Amino acid sequence: MTMTELSSRYQPETVESRWYPIWERDGLFGAHPDPSKTPYCIVIPPPNVTGSLHMGHALNGTIQDVLIRWRRMQGYMALWIPGTDHAGIATQMVVEKELRKEDKTRHDLGREKFLERVWKWREDYGRTIVGQLRRMGASCDWTRERFTMDEQASRAVREAFVRWYEKGYIFKGKRIINWCVRCLTALSDLEVERSIAKDGKLFHLRYPREDGQGDVVIATTRPETILADVAVAVNPRDPRYKDVVGKKVILPLVDRKLPVIADEVVEMDFGTGALKITPGHDANDFEVGRRHGLETMLVMSPDGAMNDEAGQYAGLERFDCRRQIVEDLREEGYLVKEEPYEVALGRCYRCDSVLEPYLSDQWFVRMDELAKPTLEVVKDGRVKIHPERYTRLYIEWMENIRDWCISRQLWWGHRIPVWTCQSCGTEKAWREEPTACPKCGSQDLKQDADVLDTWFSSALWPLSTLGWPNETEDLKYFYPTNVLSTDRGILYLWVARMIMTGMDFRQQVPFHDVNIHATVLASDGKKMSKSKGTGIDPMVLFDKYGVDATRFGLMVMTEQGQDIRYSEQRIEMSRNFCNKIWNATRLMLGWLSPEAVPGRLSTEQLRGHRVDAWLLSRLAQVVETCTKALEGFNFDDYSRALYDFFWDDVCDWYLEIVKPVFRDGQPADRTQVQSVLYEVLNTSLRLMHPLMPFITEELWHMLPGTHGSVMTAEWPKPEASRRNAVAEAEMAMIIECVRGIRNLRKELGVKPQQDLEAIGVFPDEKTLKVLQEAAPLLETLARSRPLTLRGGGDKPARALSFRAHGGEVFLPLTGVVDVSAEVERLTKEQQQIQGDLERLAEKLQRPEFVNQAPAAVVDKERTRQRDLQDRQAGVAQRLDLLRGAQ
């Protein structure tokens, strides 16, 4: 395609569909160990195999792609490893939902057949997000695509488990865990969504003393668990209960005798200062029970229904049981009072069910030893977290870390590689499936039924994707990786655990930098939600605005680590920027020779050419700004620098200034400008490429003298010798004067083609000299004819003015505007707007209108109110200007 074949309008759908297959065909995303190059590696946070692209994926995918394309252009051997996560709970739920349509459960199929169904589902439907990542331009090395259940990952998981098991870091024991009664599995502390129930209640219950000397009143938010109470605890320093400790109380409704014990865990100022102790259903109570040698009771089944231990309440769903018990306590006189109370709840991160603290036999990883190096590498800076404030949060969490519950009661996932001999009871972890018991030789071995927490395999991601536990060339060359970009929500779930495995299994950090990207919120500042209709599908934006525009719009919205409110106007702005790049490039290519590449201008050749020297100085500045921004993970600074330079400096100023050169200028002037244009366009396309890969690739191939893909072109280097502070300062004077005149013309409503007299008074001789030299340029850009520039003199009568660089520019109004008539007209308009606003404000203050009118009607009136307020401000500003000239 030649420049003349470029369409007059940028068509992203055509461009984007053409280039990605070519990049893949030519192997431009591939990377391999090369001692002559410095490695640069990023592993993608593996999205769930059940998922589709959402705004978080789009933002983080753009960030990673920008980093990889940038480093690739800098000459690094840049590798971006893609892959997906098997998402144990989510995937099993999807397939079980499909089975329910056939009136079947997984138990009807059995474990083996069910897993066959899951694998088939994964092959048929589990690759949606991979195609979507390709659509958004992700330059991953797809020949290395991984899956957390593939053979390589499985080998790494078994190796890690066995090593930790043999070191004693992994153990099985009864603990209170977070149990989901819907998903029927344990969850780690980090998989719990915390929320506050504002409609909760605190119940005060009377426990009669066995000796008949009164009652002990306890306070609880979960009366259904009193059926499993084994003691009542008070603080040993609480004077209210000194005579009760060591005695017994009667459990209401059950008539079981409970000892009253003393323990420092009891807070004297909470409730009544006396707590029911239920070791089977509360983590703190479990620890109290262990300290005091108390028995443990479970009165609830895994599905949340009360079990046989609950007596007359057996079979009731837990919350139904709560209501019934409260009613029975009230009838029998044990309920002293109930009061509103905000209750902290844990919810399942998958199904949102309220989790149950539940005593269960689970597998755990001891954190005490493993956490130490995981904490130290962040403290000493071997791993840097950006923004810095997340470092403090990470350290606080790691210093209070609890043992990690790694077992899940699922069938889909990495099955725990522990077998127990059914003959002699020997338990052992194996890397491969055993054939006989190492102790007695029996072949009757049974594997543990549970699977590992999905995050166990994800914790090994930087290692397993590069071949660990084998000492592969990839592992030796690319590990440690360089950057991990992720959401703050998995800083502990995933990032800390990757550091943990890297330090323990390889004595190296898995990456040097962690970039915590922003969360994209809905326009109202709340989390995006598909169910609430506030979720935005990036694929829709790709279709509507193009991939490059969406990528640029997301990046320009973000500020390091700050959550951002989604704004479609920003995406529209970015689409307009793409069109600007396209049309400006068409214009510049029309001025360049399609065969010859202009020579690069030397510093000497730029002397005396203020505008050319200014633009090339600004280009050198933007190269430095973009490079530093990417080094510091300041992606908004990078995108804004590109926008400001190309839209403002190149398009709004330079191209307008040099148009006359190609219309009626001298050949030598055209040659000079062609050199500037070529350098600016060539460099700009390379700077833009990591963020806007498709449009830059298309235009790169139109530029004379280019070879191959812009993806493999060299990233521009900052050149201090190109900076020209004098030219920048002088052009700043000129631009400020032109902008000031243009703004006043706009306020006055002067037509663009109409010339308008301007008088500039600048006492400073140097400033005056610069502007006098630039007078022809000022006249042309500002349509200021005649233009007078002087060092002093009287202020012109009836003129508007603005201050600029120590001077003042005046626009005489005589013969241009009838000031008195215009003031009168605007005053009437101002009064009319004020009246409309008052009537509208009164309407919007009426409850019957706001509450009863359709929401769309109310929103329309509020929009009208904002529009009128904007008009009012504009009229007031013009009046102030005109009255100043009277």
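This report concerns the structure included in the present document. (Residues numbered from 1 in each chain as written. Predicted model: local features only at pLDDT ≥ 70, side-chain atom pairs only at ≥ 80, totals over all residues. Heavy atoms only, no water.)

## Notes on the overall build of the protein
When you go through the protein residue by residue, the secondary structure sums to 29 helices and 31 strands. Taking all 886 residues of the protein together, 54% fall into the buried category. For the protein, the proportion of contacts with a sequence separation of at least 24, taken over those separated by at least 6, is 77%. Total accessible area computed for the protein in this model is approximately 39,700 Å², and 47% of it derives from carbon and sulfur atoms. Averaging the locations of the 120 positively and 131 negatively charged side chains of the protein gives two centres separated by 2 Å. (Helix = DSSP H or I, 4+ residues; strand = E, 2+ residues; numbered from the N terminus. Buried < 20%, exposed > 50% of the residue type's maximum accessible area, 1.4 Å probe, protein only. Contact = heavy atoms within 4.5 Å. Areas by Shrake-Rupley, 256 points an atom, 1.4 Å probe, with all protein chains shown as cover. Lys, Arg positive; Asp, Glu negative; His and termini not counted. Charge placed at Lys NZ, Arg CZ, Asp CG, Glu CD.)

## Quick notes on the packing of aromatic side chains
All chains considered together, the criterion is met by 31 aromatic pairs. In this structure an aromatic cluster arises from ring pairing among Phe161, Trp164, Tyr165, Trp363, Trp404, Phe456, Trp468 and Phe505. Across from the ring centre of tryptophan 23, 4.7 Å away, lies the NZ or CZ of arginine 69, which sits over that ring. Taking NZ or CZ as reference, arginine 497 lies 3.9 Å from the ring centre of tryptophan 404, over its face. (Phe/Tyr/Trp six-rings, centres within 6.5 Å; stacked < 30°, edge-to-face > 60°. Lys NZ or Arg CZ within 6 Å of the ring centre and 35° of its normal.)

## A word on empty space enclosed by the protein
This structure, assessed with the given rule, holds 3 cavities of 30 Å³ or more. What the second largest cavity holds in volume is close to 50 Å³. Cys737, Ile741, Gly760, Phe762, Leu778, Leu787, Leu789 and Val809 are the residues that line the second largest cavity. Elements supplying a minimum of two residues to the lining of the second largest cavity: α24 (725-748) and β29 (787-790). When grouped by side-chain class, the residues that make up the lining of the second largest cavity number 7 nonpolar, 1 polar and no charged. (1 Å grid on protein atoms, 1.4 Å probe; cavity = no way out; pocket = protein on both sides within 12 Å on 5 of 7 lines; lining within 4 Å. Points joined across faces, edges and corners; volume = space filled by probe spheres on them. Nonpolar A, V, L, I, M, F, W, Y, C, P; charged D, E, K, R; others polar.)

## Concerning helix α17 (residues 547-557)
Burial within α17 is extensive, with 11 of its 11 residues counted as buried. Those residues of α17 that sit buried are Val547, Asp548, Ala549, Thr550, Arg551, Phe552, Gly553, Leu554, Met555, Val556 and Met557.

## Details of helix α23 (residues 693-700)
For α23, a buried count of 8 out of 8 residues is recorded, marking the element as mostly surrounded by other parts of the structure. By the burial criterion, the buried members of α23 are Pro693, Phe694, Ile695, Thr696, Glu697, Glu698, Leu699 and Trp700. Contact partners of the buried residues in α23: α1 (12-25), α2 (55-73), α6 (128-135), α17, α18 (568-591) and α22 (667-688).

## Side note on the environment of aspartate 303
Here aspartate 303 is to be found in the loop between α8 (283-292) and α9 (318-331). For the pair aspartate 303 and glycine 75, spaced 228 residues apart in the sequence, the C-alpha separation amounts to 57 Å. At 3.0 Å, the side chain of aspartate 303 and the backbone nitrogen of alanine 305 are in polar contact. (Polar contact = N/O pair within 3.5 Å; in protein donor to acceptor, adjacent residues only side chain to side chain.)

## Focus on unusual backbone geometry
Along the chain, histidine 386 connects to proline 387 via a cis peptide bond; the corresponding omega equals -5°. Mapping proline 387 onto the fold places it in the loop between β17 (384-386) and α11 (389-399). Looking along the chain, the bond that leaves tyrosine 479 and enters proline 480 is cis, with omega of 0°. For alanine 87, which is not a glycine, the phi torsion comes out positive at approximately 50°. With respect to the secondary-structure elements, alanine 87 resides in the loop between β3 (83-84) and α3 (88-100). Look at arginine 783: it is not a glycine, yet its phi comes out positive at around 50°. Following the sequence through the fold, arginine 783 ends up in the loop between α26 (775-782) and β29.

## Focus on the pattern of salt bridges
Within this structure, the stated rule accounts for 74 salt bridges. With its nearest N and O atoms 2.8 Å apart, the salt bridge here joins aspartate 65 to arginine 69. Here aspartate 65 pairs with arginine 69, and both are found in helix α2, just 4 residues apart, close to one helical turn. Between glutamate 342 and lysine 198 there is a salt bridge, with the nearest N and O atoms lying 3.5 Å from each other. (Salt bridge = Lys/Arg side-chain N within 4 Å of Asp/Glu carboxyl O.)

## A word on the sheet that holds strand β21 (residues 427-429)
Judged by pairing direction, the sheet is antiparallel, and its 3 strands sit side by side in the order β21-β20-β22 without closing on themselves. Both edges of this open sheet fall to β21 and β22 (445-447), since each of them pairs with a single strand only. When strand polarity is set aside, the average angle formed by the axes of neighbouring strands in this sheet is 30°. Alignment of strand β20 (residues 418-421) against β21, held across 3 bridges, turns out to be antiparallel. Across the sheet, residue tryptophan 419 finds its bridge partner in β21, namely lysine 428. Across the sheet, helix α7 (residues 151-167) lies against β20 and β21, angled at about 135° from β21, the strand it touches most. (Pairing = 2+ DSSP bridges. Axes fitted to C-alpha atoms, helices over the stretch in contact; angles between N-to-C directions.)

## Considering the state of the cysteines
Applying the stated criterion across every chain yields a total of 0 disulfides. Summary of cysteine pairing: cysteine 440 is not part of a disulfide, and the nearest cysteine sulfur, belonging to cysteine 421, is at 3.5 Å. (Disulfide = S-S within 2.5 Å.)

## A word on the environment of alanine 873
In this structure, alanine 873 sits in helix α29 (residues 855-885). Remark: the alpha-carbon pair of alanine 873 and arginine 839, spanning 34 residues in sequence, is separated by 18 Å.

## A closer look at the sheet that holds strand β31 (residues 807-812)
Spatial ordering of the open sheet is given by β29-β28-β31-β30, a layout of 4 strands whose pairing is mixed. Both edges of this open sheet fall to β29 and β30 (799-804), since each of them pairs with a single strand only. Between one strand axis and the next, the sheet turns through 15° on average, direction left out of account. When strand β28 (residues 758-761) meets β31, the two strands line up antiparallel, connected through 3 bridges. The residue bridging isoleucine 759 from the neighbouring strand is phenylalanine 810, located in β31.

## Side note on the side chain of serine 485
Relative to the helices and strands, serine 485 resides in strand β24 (residues 483-487). For serine 485, the side chain forms a polar contact with the side chain of asparagine 60, separated by 2.6 Å. A polar atom in the side chain of serine 485 sits 3.1 Å from the side chain of asparagine 515. Dropping the residues within four chain positions of it, serine 485 is found in contact with Pro45, Asn60, Ile63, Gln64, Asn515 and His517.

## A few points about the side chain of glutamate 861
Mapped onto the elements of the fold, glutamate 861 is located in helix α29. Leaving out residues up to four positions away in the same chain, glutamate 861 has contacts with Leu840, Lys843, Leu844 and Phe849.

## Observations concerning the packing of α17 against helix α21 (residues 635-664)
Put simply, α17 and α21 touch, their axes get as near as 7 Å, and they point 120° apart. Judged by the inter-axis angle, α17 sits oblique to α21. For the pair α17 and α21, the sense of crossing is left-handed. Between α17, through Phe552, Met555 and Val556, and α21, the contact on the second element is made entirely by Phe635, Asp636, Ser639, Arg640 and Tyr643. Of the residues assigned to the contact of α17 with α21, the class counts are 5 nonpolar, 1 polar and 2 charged. (Parallel < 35°, antiparallel > 145°, perpendicular 65-115°, else oblique. Left-handed = near helix turned anticlockwise from the far one by under 90°.)

## Some points on the packing of α11 against helix α15 (residues 491-506)
Across the interface, α11 lies against α15 with an axial gap of 12 Å and an inter-helix angle of 80°. In terms of orientation, α11 lies roughly perpendicular with respect to α15. Contacts from Tyr390, Leu393, Tyr394, Trp397 and Met398 of α11 reach α15 at Leu491, Tyr492, Ala496 and Ile499. Looking at the contact of α11 with α15 residue by residue, the class counts come to 9 nonpolar, no polar and no charged.

This is a description of form; function is not addressed.
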